[in-house]
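Residue strings, one per chain:
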Amino acid sequence: MISTSVRAGVCIRNMAGLASFSLLRFLFQTRVANNEEAVAKAAAANADSEAPTLFDKIIAKEIPSSIVYEDESVLAFRDINPQAPVHVLVIPKFRDGLSQLGKAEERHEKILGQLLYAAKIVAEKEGILEGFRVVINNGLGACQSVYHLHLHVLGGRQLKWPPG
Ligand code: AMP
């Protein structure tokens, strides 16, 4: 028979284990968040460069990608670091000053509509029309890390609100 003091000891050990696991998870999440901010800060420093972006290189097929949808104006490919079972990026093939949504001008109305419609086509192709999210991170405050406008299409799991 297990004595009361042994049971109490096991219970305390379990609680201590849980506390240290929670602490480790907190430290890991803080580190990931800090790293994300550092990457975003570095990217923001070159936000208005005319040099080809990472996504220009994907469009030019200099960098491989897993393409989900493509037409003459838009390319959609899987995110390399997916945050959901479906995570696809939709980008304009011609950046034309659209490093971020905040740079949009009246002349961009057509491509902005095309990007949004392509997001819907991607959701349909991926079988997530019943529930999906479209995200645009704009600028340092939203941890944008690539300065070539892109829509994130996310789905395939229950998404929570508010996002982080
Ligand atoms: P954002 O942080 O909103 O600027 O999003 C940039 C996204 O690009 C991130 O989700 C990255 O995971 C993604 N990404 C970076 N490099 C690649 C790549 N080579 N192929 C696909 N996605 C990428």
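The preceding data block contains the structure.
Quick notes on the rules
Residues numbered from 1 in each chain as written. Predicted model: local features only at pLDDT ≥ 70, side-chain atom pairs only at ≥ 80, totals over all residues. Heavy atoms only, no water. Helix = DSSP H or I, 4+ residues; strand = E, 2+ residues; numbered from the N terminus. Buried < 20%, exposed > 50% of the residue type's maximum accessible area, 1.4 Å probe, protein only. Contact = heavy atoms within 4.5 Å. Near = heavy atom within 4 Å. Polar contact = N/O pair within 3.5 Å; in protein donor to acceptor, adjacent residues only side chain to side chain. Areas by Shrake-Rupley, 256 points an atom, 1.4 Å probe, with all protein chains shown as cover. Nonpolar A, V, L, I, M, F, W, Y, C, P; charged D, E, K, R; others polar. Pairing = 2+ DSSP bridges. Salt bridge = Lys/Arg side-chain N within 4 Å of Asp/Glu carboxyl O. Patch = residues over 30% accessible without salt bridge, like charges linked within 9 Å, V, L, I, M, F, W, Y side chains within 5 Å.

### Quick word on the overall build of the chain
Piece 1. Secondary structure assignment for the chain yields three helices and five strands.
Piece 2. Going from the N terminus to the C terminus, the chain shows its helices and strands as α-α-β-β-β-α-β-β.
Piece 3. Buried positions account for 32% of the 164 residues belonging to the chain.
Piece 4. Looking at the chain alone, contacts between residues at least 24 apart form 59% of all its contacts between residues at least 6 apart.

### Re the site of the ligand
Piece 1. For the ligand, the set of nearby residues contains 16 residues, the closest of which are Asp-79, Asn-137, Ser-145, His-150 and His-152.
Piece 2. Between Cys-143 and the ligand, the recorded distance is 3.3 Å, taken from a backbone N or O atom to an oxygen atom.
Piece 3. Within the complex, 84% of the 500 Å² of free accessible area of the ligand lies under protein.
Piece 4. Those elements giving two or more residues to the shell around the ligand turn out to be helix H2 (54-59) and strand E2 (74-78).
Piece 5. Top contributing element to the shell around the ligand by residue count: H2, with three residues.
Piece 6. Grouping the constituent residues of the shell around the ligand by class yields eight nonpolar, six polar and two charged.

### Things to note about unusual backbone geometry
Piece 1. In the segment running from Trp-161 into Pro-162, the intervening peptide bond is cis, with an omega of 5 degrees.
Piece 2. Locating Pro-162 in the fold gives a position in the segment after strand E5 (151-155).
Piece 3. Located in the positive-phi region is Asp-96, a residue other than glycine, with phi close to 45 degrees.
Piece 4. Along the chain, the position of Asp-96 falls in the loop between strand E3 (86-92) and helix H3 (109-125).
Piece 5. A relative accessible area of 44% places Asp-96 in the partly exposed class.
Piece 6. Of note in this structure, Cys-143 is not a glycine but carries a positive phi near 60 degrees.
Piece 7. Take Cys-143: it is sitting in the loop between strand E4 (132-135) and E5.

### Section: the pairing of strand E1 (residues 67-70)
Looking along a regular strand, one sees side chains alternate from face to face of the sheet.
Piece 1. Across three bridges, E1 lies against E2 in antiparallel orientation. When the sheet's bridge partners are listed, Glu-70 is paired in E2 with Leu-75.
Piece 2. Hairpin connection of E1 to E2: three residues between the antiparallel strands.

### Observations regarding the pattern of salt bridges
Piece 1. Enumeration over the complete set of coordinates arrives at eight salt bridges.
Piece 2. For Asp-56, the salt bridge is made with Arg-95, and the minimal N-O distance between the two is 3.3 Å. In this pair, Asp-56 is assigned in helix H2 and Arg-95 in the loop between E3 and H3, connecting sequence segments 39 residues apart. Grouping residues by exposure puts Asp-56 and Arg-95 together as buried.
Piece 3. Linked through salt bridges whose partners overlap, the residues forming this network are Lys-61, Glu-70 and Lys-93.

### Considerations on a nonpolar patch on the surface
Piece 1. There is a patch of nonpolar side chains on the surface, built from Leu-116, Leu-129, Phe-132 and Val-134 and spanning about 320 Å² of accessible area.
Piece 2. Looking at where Val-134 falls in the secondary structure, it is placed in strand E4.

### Topic: the environment of Val-153
Piece 1. Relative to the elements of secondary structure, Val-153 occurs in strand E5.
Piece 2. Spatially, the C-alpha atom of Val-153 lies 9.4 Å from that of Ala-76, the residues being 77 residues apart in sequence.
Piece 3. Those residues in contact with Val-153, other than ones at most four positions away along the chain, are Val-86, His-87, Val-88, Val-90, Ala-119, Val-122, Ile-128, Phe-132 and Arg-133.

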